[in-house]
Amino acid sequence: MGARICRLALAFALSASAAVAGGQPQFTPLRSTTAPGVTVTTPWDAPAPSGLSVTDRGLEIRTFGPRRQIILLDKTGAIYGVFDPLYNGDGGKEGVIVSIRLATEQEASYFPPLKDDDYIVIEYTAGGYIAVARRGFIGARPTHCDGSGPEVVRRNIACTLDLQKAQEAENEAMIARMLVKGPPASSFPPLQDVDVADAGLVVHFGADHRTVWATDRSGRELWREDPFVTAKMKPYRIFVPLIDYVGTFGRGWFSEPREAEACADNGKEAVAIGYSSSQFGCLNARTGRFVFLGQD
C-alpha cells in the first residue's frame, strides 16, 4: 500500500478540503467568509501555543486537534499532512504532546541518517519521546535501544512500541469505518468470458460478480473459487467488493508486463480483474491463483 496508506489519516480527516489537480489531491486551509470583513477560520489558522510549533525548511509542524496529532503546513498555509505519530498504538497512555522541537545534531546521530531532511522531537506528558522525520508520517526507532544516550533515545517510545504495526492497525480501522454497502450484483452488466488462447482455457465469471472458474477446450472445469476470499483480501471502500472489470493486460491499470508476470511465469496465462472497490490484480487462468496488485 505504500505511501498512500500511510496518508489515510490526511485523506479522511481533510477530505472536505481536497481539490484534485492532475490526479493528485491538493489540500488548502478551509476558510469561509460569511460577511464582508468577517472570516471564519479553521483551528490551524490560529497561532500555536508556545512550544507546540516549529518551522523547518519551509514547513510548519504543530499540534492539531486534542494535541495527539501533528499537522504540517507549507509557507502558503496549504496542508502537507495530518497524522498521529503514535497511531494510537499506546492507547492514550503517553498522554498528549507537550513540546515540539528540532532534534540537535547529537540527537539525530542516534537515528537512521536522513537525506535533505531533519528529525522533529516530540515529547508527551507521560515523559516519552518520539523522533519523526520532517516529511515522515511515522516515528523512527533509534539505532540502539540500550538505555544510553540523550533522553529522546533513552525514553523513546519506538523502543517499546511497534509503530509500524500500530500504523497498519490504525489504517485498517480507518478503512473499516469508511466502508459502505455498495450496489448489488444485479446492477452490474454481465461479465464476459475471457478466452485465454495461449493456455487453451476459458475463464468464466458468475452472475454474483465474485465466483470465477476455468474450463479447458472440452468444457471440463479445472477450478472454481472466489478470488477475493482465496487471496485473503480485506474489504476496501465497500463491504463486499464485486468484480466490475475483466480482460487481458495492456490498458489502464494493467499496462506493465511485470504485472502479468506476477500472476503467470510467462504472463500469457494472466487475466486482469478489477473490483468495484478499486482493488485489482491478476488471475492465473491455469491455476486460479490470484495476485493482488493494488488499490486506489
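What you see is a predicted model; the values in this text were computed from it and never measured. (Residues numbered from 1 in each chain as written. Predicted model: local features only at pLDDT ≥ 70, side-chain atom pairs only at ≥ 80, totals over all residues. Heavy atoms only, no water.)

An account of the overall build of the protein is needed here, citing residue identities and associated values.
Counting its secondary structure elements, the protein contains 7 helices and 20 strands. Within the protein, buried positions represent 46% of all 296 residues. Residue pairs at least 24 apart in sequence account for 50% of intrachain contacts in the protein once pairs closer than 6 positions are excluded. Put simply, the protein shows about 15,300 Å² of open surface, and 53% of that area lies on carbon and sulfur atoms. (Helix = DSSP H or I, 4+ residues; strand = E, 2+ residues; numbered from the N terminus. Buried < 20%, exposed > 50% of the residue type's maximum accessible area, 1.4 Å probe, protein only. Contact = heavy atoms within 4.5 Å. Areas by Shrake-Rupley, 256 points an atom, 1.4 Å probe, with all protein chains shown as cover.)

Tell me about the state of the cysteines, and name the residues and values.
Enumeration according to the criterion identifies 1 disulfide in this entry. The disulfide that involves Cys145 links it to Cys159, with 2.0 Å between the sulfurs. Classification of the bridge connecting Cys145 and Cys159 rests on its S-S torsion, roughly -75°, and on that basis the disulfide is left-handed. With a gap of 14 residues between them, Cys145 in the loop between β12 (139-140) and α4 (151-154) and Cys159 in the loop between α4 and α5 (163-177) connect regions that are remote in the sequence. A residue is classified by how much of its surface remains accessible, and Cys145, at 35% relative accessible area, is partly exposed. (Disulfide = S-S within 2.5 Å.)

How would you summarise the pairing of strand β14 (residues 201-205) if you had to cite specific residues and measurements?
A large share of β14 lies buried, amounting to 5 of its 5 residues. Here β14 shows a buried face lined by Leu201, Val203 and Phe205 and a second buried face lined by Val202 and His204. Strand direction decides the pairing type here: strand β13 (residues 194-196) and β14, joined by 3 bridges, are antiparallel. Opposite Asp195, over in β14, you have Val202 as the bridge partner. (Pairing = 2+ DSSP bridges.)

Before we move on, can you summarise the environment of Cys159 with the specific residues and values?
For Cys159, a relative accessible area of 21% corresponds to the partly exposed category. Residues Cys159 and Asp146, spaced 13 residues apart in sequence, show a C-alpha to C-alpha distance of 9.0 Å. Ignoring anything within four residues of it in the chain, the contact list for Cys159 reads Arg141, Pro142, Cys145 and Val153.

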